[in-house]
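Architecture at a glance
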Number of protein chains: 2
Amino acid sequence: MSSTSAVPANTSDAPVFARLALVGIGLIGSSIARVARQRGLAGHIAIATRTQETLDRARELALGDSYHLSAAQACEDADAVIVSVPVGASGAVARDIAPALKPGAIVSDVGSVKASVIAAMTPELPGHVHFVPAHPVAGTEHSGPDAGFAELFDNRWCILTPPPGTDAQAVERLAAFWRGCGSNIEVMEPEHHDLVLAITSHIPHLVAYSICGTAADMETVTKSEVIKFSAGGFRDFTRLAASDPVMWRDVCLNNREAILEMLSRFAEDISAMQRMIRWNDGEALHDMFTRTRAIRRGIIQAGQETDAVDFGRPHGTAPAAPEAEEPDSVAQE
Amino acid sequence: MSSTSAVPANTSDAPVFARLALVGIGLIGSSIARVARQRGLAGHIAIATRTQETLDRARELALGDSYHLSAAQACEDADAVIVSVPVGASGAVARDIAPALKPGAIVSDVGSVKASVIAAMTPELPGHVHFVPAHPVAGTEHSGPDAGFAELFDNRWCILTPPPGTDAQAVERLAAFWRGCGSNIEVMEPEHHDLVLAITSHIPHLVAYSICGTAADMETVTKSEVIKFSAGGFRDFTRLAASDPVMWRDVCLNNREAILEMLSRFAEDISAMQRMIRWNDGEALHDMFTRTRAIRRGIIQAGQETDAVDFGRPHGTAPAAPEAEEPDSVAQE
């Protein structure tokens with residue numbers, strides 16, 4: 001999915017926001033900075049991050065127009081503020097920036113959990129700003145200002161979860177910004193968002209972390225064997241399991257109920273599978289292994305994944321293969 | 001990893017095998033056919049598969065020199081036979097081809113499970129052939145003769161599990177063939193192979209299938225939501241879960257003990273994680289999420305994975321990002 005094909009250009013000549021403040025300049029924050037600059041979505045981009053080292057790096061990368069160790073300072077006179085920090089820190093950030101926010105400013109975030117972020121930030125923010133929580137569903141396993149890139153949001157969904165009564169124009173303005181970043185917009189209840197993301201993002205990450213731990217703990221199989229033979233499938237899990245530990249710790253602690261519920265369902269399904277294997281129920285196994293293909297096809301058709309053969313090689317060394325044949329015509333049989 | 005850089009050319013002018021018979025022409029069989037032809041590893045390539053449709057397709061793709069519905073016929077006068085069928089079918093194939101095998105012929109397979117395949121094939125094969133079981137640890141989620149490609153085995157490991165007393169020259173000759181295909185060679189006990197592959201390949205596939213099922217069964221989240229927001233991580237599991245159901249059914253039924261043992265360990269680790277979340281043990285979660293990065297780094301350093309940002313985009317739209325920073329310096333904080 002190339003950026004140009006996916007992105008409606010910012011039609012008006014004026015940027016969506018005259019002054020945009022980015023609090024946190026990691027993978028997401030630095031990707032926003034890059035795309036906003038590249039596509040003219042913001043006039044002045046003010047960048048704030050806690051550590052001098054990261055701020056210096058952001059300056060070296062020329063990610064913004066002004067650089068601040070004080071989040072409040074970066075937010076002064078900002079038309080929009082996007083907070084991109086681990087969700088556990090969002091309440092404290094809201095408290096820090098509150099005094100600096102000008103009336104009518106839009107305050108948003110990019111947290112992977114919404115209900116708890118809304119609960120943490122809302123009471124800290126002044127009544128004269130528009131709080132429009134958001135979650136761009138996009139990412140990689142890399143962290144930090146170097147990891148971002150302008151195409152990260154192309155054809156990915158950005159979920160907005162505005163509280164009841166939020167100013168409609170403010171919501172539309174933030175939506176316009178994210179559309180400019182290449183995203184498709186969806187509006188959801190925060191609680192539903194947290195449920196959907198638990199199964200589409202949180203559980204997959206937790207399962208990936210867990211299976212990597214299981215492998216690392218084997219007494220009978222060495223780490224070097226796990227690494228050498230990871231092309232058999234294990235490798236694909238390690239990508240997710242290399243994601244930012246702080247971010248995922250906070251996700252777990254802030255979407256606790258939904259995650260525990262889904263982990264229980266998943267554990268039940270694993271038990272059912274164990275039983276099929278123990279009792280040699282080949283038919284049930286075959287059925288289970290067949291029904292999942294439809295989901296895969298849907299994801300590819302929705303442009304959320306390429307069908308190119310990858311498996312640890314740069315795409316293009318092998319042609320995109322056709323959808324797998326139905327089992328009864330599989331040539332290997 | 002480009003094919004040319006990884007592959008020691010077949011130094012001698014003569015092919016490794018004057019006549020190579022491939023029984024089964026799916027993803028693996030057709031990849032062997034392509035690389036053997038491209039790199040001059042075999043003289044005559046005889047192809048056998050059960051269904052007329054698949055045989056016709058193999059002929060259209062010009063994968064071999066002769067095409068047979070009878071595996072025995074394809075194996076006549078073959079110097080080497082490589083059986084590439086679901087492991088549950090390997091015993092029957094051995095019975096079929098046994099009468100046609102010439103003295104001194106090398107018989108091998110590509111099964112993901114070794115102990116049960118050896119138990120099924122050995123009694124069927126005549127004493128005058130050399131049985132050298134093999135497992136190239138490489139694959140994609142696609143099936144059938146169209147899915148194969150010559151680079152599939154480049155810099156991937158091929159595990160040989162010759163029974164005690166196997167002719168050393170026969171083992172070396174098969175190893176030379178696989179090295180010509182681009183593989184690195186490892187020799188292992190069949191039982192150890194089955195244990196290693198259970199954790200590096202079988203469990204990851206089963207977990208991927210299982211989590212896709214869990215998602216599909218949600219009443220509160222629609223399938224279209226799962227698909228739309230799969231970029232949050234779920235998508236990565238669907239690739240494994242799109243693999244050939246027949247192959248995986250057979251793997252489960254033929255590596256039962258090792259898989260059940262690993263699934264139990266995994267289930268215990270999931271329970272431990274549930275407990276950390278239920279009791280808000282952020283420190284334990286952070287530790288768990290941190291230790292897995294070393295494995296990821298090792299896999300990338302071992303050339304078993306590229307570090308390019310992918311996540312559903314063709315590689316190259318984004319630069320390879322640096323290894324993620326340590327959490328305490330993560331810019332988002």
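Basis of the calculations
Residues numbered from 1 in each chain as written. Chains lettered and ligands numbered in written order. Predicted model: local features only at pLDDT ≥ 70, side-chain atom pairs only at ≥ 80, totals over all residues. Heavy atoms only, no water. Helix = DSSP H or I, 4+ residues; strand = E, 2+ residues; numbered from the N terminus. Buried < 20%, exposed > 50% of the residue type's maximum accessible area, 1.4 Å probe, protein only. Contact = heavy atoms within 4.5 Å. Areas by Shrake-Rupley, 256 points an atom, 1.4 Å probe, with all protein chains shown as cover. Pairing = 2+ DSSP bridges. Axes fitted to C-alpha atoms, helices over the stretch in contact; angles between N-to-C directions. Least-squares fit on C-alpha atoms with pLDDT ≥ 70 in both. Buried area = accessible area lost by both parts, 1.4 Å probe. Salt bridge = Lys/Arg side-chain N within 4 Å of Asp/Glu carboxyl O. Polar contact = N/O pair within 3.5 Å; in protein donor to acceptor, adjacent residues only side chain to side chain. Nonpolar A, V, L, I, M, F, W, Y, C, P; charged D, E, K, R; others polar.

Tallying secondary structure elements over chain A gives 14 helices and nine strands in all. By the burial criterion, 64% of the 333 residues in chain A qualify as buried. Taking the intrachain contacts of chain A between residues at least 6 apart in sequence as the baseline, contacts between residues at least 24 apart amount to 73%. Total accessible area on chain A is roughly 11,100 Å²; 52% of this is exposed by carbon and sulfur atoms.

Residues and elements named next belong to chain A. Across the sheet, three strands lie side by side as E7-E8-E9; this open sheet has mixed pairing. In the strand order of this sheet, the two ends are held by strand E7 (134-136) and strand E9 (184-187), each with one partner. Recorded for the sheet is a direction-independent mean angle of 20° between the axes of neighbouring strands. One ladder, built from four bridges, connects strand E8 (residues 157-160) with E9; its direction is parallel. In the sheet register, tryptophan 157 faces E9, and the bridge partner there is asparagine 184. Helix H7 (residues 168-180) contacts E7, E8 and E9 of the sheet and is inclined by roughly 165° relative to E8.

We now examine the sheet that holds strand E9 (residues 184-187) of chain B. Residue and element names in this part refer to chain B. Read across the open sheet, the three strands follow the order E7-E8-E9; overall the sheet is mixed. Either end of the sheet is taken by a strand with one partner, and the two such strands are strand E7 (134-136) and E9. Pairs of neighbouring strands in the sheet enclose a mean axial angle of 20°, with direction left out of account. The strands touched by helix H7 (residues 168-180) are E7, strand E8 (157-160) and E9; relative to E8, the strand with the most contacts, the crossing angle is about 165°.

Least-squares fitting of chain B to chain A yields an RMSD of 0.0 Å, with the transformation described by 0.0 Å of translation along the axis and a rotation of 180°. Both copies of the chain, as the preceding transformation shows, are related through a two-fold rotation axis. Comparing contact sets, 99% of the residues at the interface of chain B also lie at the interface in chain A, consistent with an isologous, same-surface contact.

A word on the interface of chain B and chain A. Facing 140 residues of chain B, the contacting portion of chain A comprises 138 residues. For the pair chain B and chain A, the summed buried surface comes to about 13,400 Å²; carbon and sulfur atoms form 65% of the total. Applying the counting rule to chain B against chain A returns eight salt bridges. One salt bridge in this structure joins Arg296(B) and Glu141(A), with 3.3 Å as the shortest N-O distance. At the boundary of chain B with chain A, the tally comes to 34 residue pairs in polar contact (both at pLDDT 80 or more). By residue number, the principal contributor to the side of chain B that touches chain A is helix H8 (residues 190-216) of chain B, which donates 20 residues. Per-class residue counts for the side of chain B that touches chain A are 70 nonpolar, 38 polar and 32 charged.

Shape is all these values report; function is a separate question.
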